[in-house]
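A look at the structure
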Amino acid sequence: MTARLDAAYRAAALNSLGDTEIDVLVIGGGVVGAGSALDAAARGLSVTLVEARDFAAGTSSRSSKLIHGGLRYLEQLDFWLVREALKERKLLLRKLAPHLVHPISFLFPLQHRWERPYIGAGVALYDTMGGAGAVPMHRHLSRTRALELAPALRPDAMTGAIRLFDGQVDDARHTMTIARTAAQHGATVLTRTKVTGLLRAGQRVIGAYVTDLETGREYTVRARRVISATGVWTDEMNKLTGVEFPFHVRTSKGVHILVPRERLDLDTGLMMRTEKSVLFVIPWGRHWIIGTTDTDWSLDKDHPSASAADIRYILDHVNALLREPLTEADIVGTYAGLRPLLSGASSSDTTKLSREHAVAEPVPGLFVIAGGKYTTYRVMAADVVDAAVQGLGRAVAPSVTEHLPLLGAVGYHELLADAAAVAKDADLPVATVQRLLGRYGSAIHDLFELIARNPELRAALPGAADTLAAEVVYAVTHEGALHLDDILTRRTRMSIELADRGVAAAPEIARLIAPHLGWDEATTEREVTRYRDRVAAELAANEALDDETANAARLVASA
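Residues numbered from 1 in each chain as written. Predicted model: local features only at pLDDT ≥ 70, side-chain atom pairs only at ≥ 80, totals over all residues. Heavy atoms only, no water.

Rules: UniProt positions are given in the numbering used here, feature names are shortened, and annotations may be inferred rather than shown by experiment.
The chain has the name Glycerol-3-phosphate dehydrogenase in an unreviewed UniProt entry, where Nocardia terpenica is given as its organism. Recorded in UniProt under Sequence similarities (unreviewed entry), the annotation for the chain is "Belongs to the FAD-dependent glycerol-3-phosphate dehydrogenase family." Under the heading Subcellular location (unreviewed entry), UniProt records this for the chain: "Cytoplasm".

1. Here we look at the overall build of the chain
Put simply, the rule is: Runs of E in the DSSP output that reach at least two residues are strands. Runs of H or I that reach at least four are helices, and both are numbered from the N terminus. Here the globule rule reads 2.2 Å times residues to the power 0.38, and the radius of gyration is calculated from C-alpha atoms. Residue exposure (1.4 Å probe, protein chains only): buried if accessible area is under 20% of the type maximum, exposed if over 50%, otherwise partly exposed. Contacts were defined at the residue level, with two residues in contact if any of their heavy atoms lie within 4.5 Å. The Shrake-Rupley method, run with a 1.4 Å probe, gives the accessible areas here. Residue values count only the displayed protein chains as cover.
The helix and strand inventory of the chain stands at 20 helices and 20 strands. Relative to a compact globule of 559 residues, whose C-alpha radius of gyration would be 24 Å, the chain shows 23 Å and is just as compact. For the chain, the spread of C-alpha atoms along the three principal axes comes to 70 × 55 × 50 Å. The buried share among the 559 residues of the chain stands at 61%. Taking contacts inside the chain between residues at least 6 apart in sequence as the whole, the part at least 24 apart equals 73%. Looking at the chain as shown, the accessible area adds up to about 21300 Å², and 53% of this sits on carbon and sulfur atoms.

2. Some details on the UniProt feature "domain: Alpha-glycerophosphate oxidase C-terminal" (unreviewed entry) in the chain
Here the UniProt feature "domain: Alpha-glycerophosphate oxidase C-terminal" (unreviewed entry) sits at residues 399–523. Span residues 399–523 is 57% helix and 6% strand, its end C-alpha atoms 43 Å apart.

3. Remarks on the layout of surface pockets
Keep this limit in mind: Using only the protein atoms, space was sampled on a 1 Å grid; points where a 1.4 Å probe fits but cannot get out form cavities, open sets with protein on both sides within 12 Å along at least five of seven lines form pockets, and lining residues are those with an atom within 4 Å of a point. Grid points are joined across faces, edges and corners, and a volume is the space filled by probe spheres set on the points. In the scheme used here, Gly and all other residues not listed as nonpolar or charged are polar, with Ala, Val, Leu, Ile, Met, Phe, Trp, Tyr, Cys and Pro taken as nonpolar and Asp, Glu, Lys and Arg as charged. All the domain ranges listed were derived from an automatic or database domain assignment.
Taken as a whole, the second largest pocket holds about 1000 Å³ of empty space. In this structure, the second largest pocket is lined by 36 residues; those nearest its centre are Trp-284, Gly-285, Arg-435, Arg-439 and Glu-497. Listing elements by their share of the lining of the second largest pocket, those giving two or more residues are β4 (101–110), β6 (160–169), β13 (278–284), α11 (412–417), α13 (430–440), β20 (464–468) and α17 (494–497). Per-element tally for the lining of the second largest pocket: the top contributor is α13, with 5 residues. Looking at the lining of the second largest pocket, its residues break down into 15 nonpolar, 11 polar and 10 charged. If you count residues domain by domain, the lining of the second largest pocket takes at least three from each of domain 2 (98–170 + 250–340) and domain 3 (412–554).

4. Details of the side chain of Ser-495
Within the element layout of this structure, Ser-495 appears in helix α17. Once residues within four sequence positions are removed from consideration, Ser-495 is found in contact with Leu-488, Thr-489, Arg-501, Tyr-531 and Arg-534.

5. Some details on empty space enclosed by the protein
All chains considered together, the criterion is met by 5 cavities of 30 Å³ or more. By volume, the largest cavity amounts to about 90 Å³. Together, 13 residues line the largest cavity, and Leu-5, Arg-10, Val-189, Thr-191 and Gly-480 are the ones closest to its centre. Every element with two or more residues in the lining of the largest cavity is listed here: α1 (7–16) and β7 (188–190). Among the elements that take part in the lining of the largest cavity, α1 stands out by supplying 3 residues, more than any other. Partitioned by chemical class, the residues of the lining of the largest cavity number 9 nonpolar, 2 polar and 2 charged. Counting only domains with at least three residues in the lining of the largest cavity, you end up with domain 1 (7–59 + 173–247 + 344–403) and domain 3 (412–554).

6. Describing the packing of aromatic side chains
Where we set the bar: Here the aromatic set is Phe, Tyr and Trp, taking the six-membered ring for Trp, and pairing holds for ring centres within 6.5 Å; pairs whose planes are under 30 degrees apart are stacked, those over 60 apart are edge-to-face, and all others are tilted. By definition here, charges over rings are those cases where NZ of Lys or CZ of Arg is within 6 Å of the ring centre and within 35 degrees of the ring normal.
This model, assessed by the stated rule, comprises 5 aromatic pairs. The interplanar angle of 55 degrees and the centroid separation of 5.5 Å between the aromatic rings of Phe-106 and Phe-280 together place this pair among those described as tilted. Of this pair, Phe-106 sits in strand β4 while Phe-280 sits in strand β13; the two residues are 174 residues apart in sequence, bridging distant segments of the chain. Residue class for Phe-106 comes out buried when judged on its relative accessible area of 0%. Arranged with centres 6.3 Å apart and planes meeting at 50 degrees, the rings of Trp-114 and Tyr-118 form a pair that is tilted. Owing to a relative accessible area of 44%, Tyr-118 belongs among the partly exposed residues under this scheme. In this structure, Lys-65 is placed above the aromatic ring of Tyr-335, and the distance from its NZ or CZ to the ring centre is 4.4 Å. Between Arg-261 and the ring centre of Trp-288, over which it is positioned, the NZ or CZ distance is 4.5 Å.

Next comes the structure, spelled out in structure tokens:
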């Protein structure tokens, strides 16, 4: 089976839609949808996944990039959720995706002496609940030792600190890799394909009507089971059933900002409590990611926006600890995502809504998975597939994804240990090879093959020195990218990591990928213009003082 999601793959997949009845149709290409497609395909079922935009286009590309148990859930006495998440963290770090998930260090400054025994006990429990050994154990630090690790902190802002460890992931690339792994196991995975209605036989759902958004062509997909993994769009999906639903999904907006690494003199990330949740300062390549917020959101779900108020909130809280305060001028990127929170009753406080997940069958044949958190995607996928295969009429194997490494995982450690020799063979700097291994794992050899066929692709992109030309070509020849935005925002992170949001690099990227996507000159220029307009709209939204104004500014360019 192939994991090469190029234009030929997509054309063949579309042509086969509706040819025969499949076992499972998955709606939604976020981490849970991709995980569900992989889970079902690995059990030997015939599977098709359809996603209206791009893999991880919504929540699954806009998280805090952490694989963690959620320390604050211990305070809420949600031990089961924390234990489950920490078990998944260990699996991802050790077996499933060691090339994509890496340990990360945090400093938790203590501002009162009474916090050390209280928080220390919670962190000690966190270190032993299901994920022991996956990351180093926590350590208690004096104020002097904490300042050696974090000179950027004000001495009077803490009495000491606790150093702890968690996991970090590039969420968009991880989600896309899950989808590619599902394809490798026989699933058909398609982006820019939107479900416009459910196919029925009486009350039973037996498939869906699907429209290819690239051409407008409509398809009828027949399936024995349909799984809806639509995240924050769950309520909209439920409306297609026409029945009352046992739960609803509320959306909470989380905003992050990026500042240059050199702007903060830190040898570790930071974790601090706010009145609502936890604020992180997270090392991210040449940058720090700082966030997040937690506010109710009822506006456009496709393009949530960071307002000036969101940015000010983050700056005010992080600056309370810093010797030299950050300002808006330090920010090189922002992003906003929506959390899907389960709600069975009205609640005005999104921080109190559940992060656990639920599976329901509102009408026969349709299974809905909602809620949860990024780290537990695999458990959520297994749960909904378990429910869906009941009564399928034949024996179906249990989930095997606990033992199934993602594409690029096998052989990663060996290549990393021998990075100098790999770099010499590829005629690339060792640092470049190490970076590529952290993005592609053992699939790095596919990149090398592209470069061998076209040495021009060894060069760094103009305006994006950390990205090789081969990477953007690979995004369309192997990773299913169909538009410029897919590459700049999700296959790479130029849209948040570069001060110009990737605008300078966009024309060259478009030139490189145009032949592979069949673009003519007019289409190529249209893609560049659309991306520039999107960046301008996001920057305008960042200047808005409230959500409503920011939302209106962002919708000017709703690509």
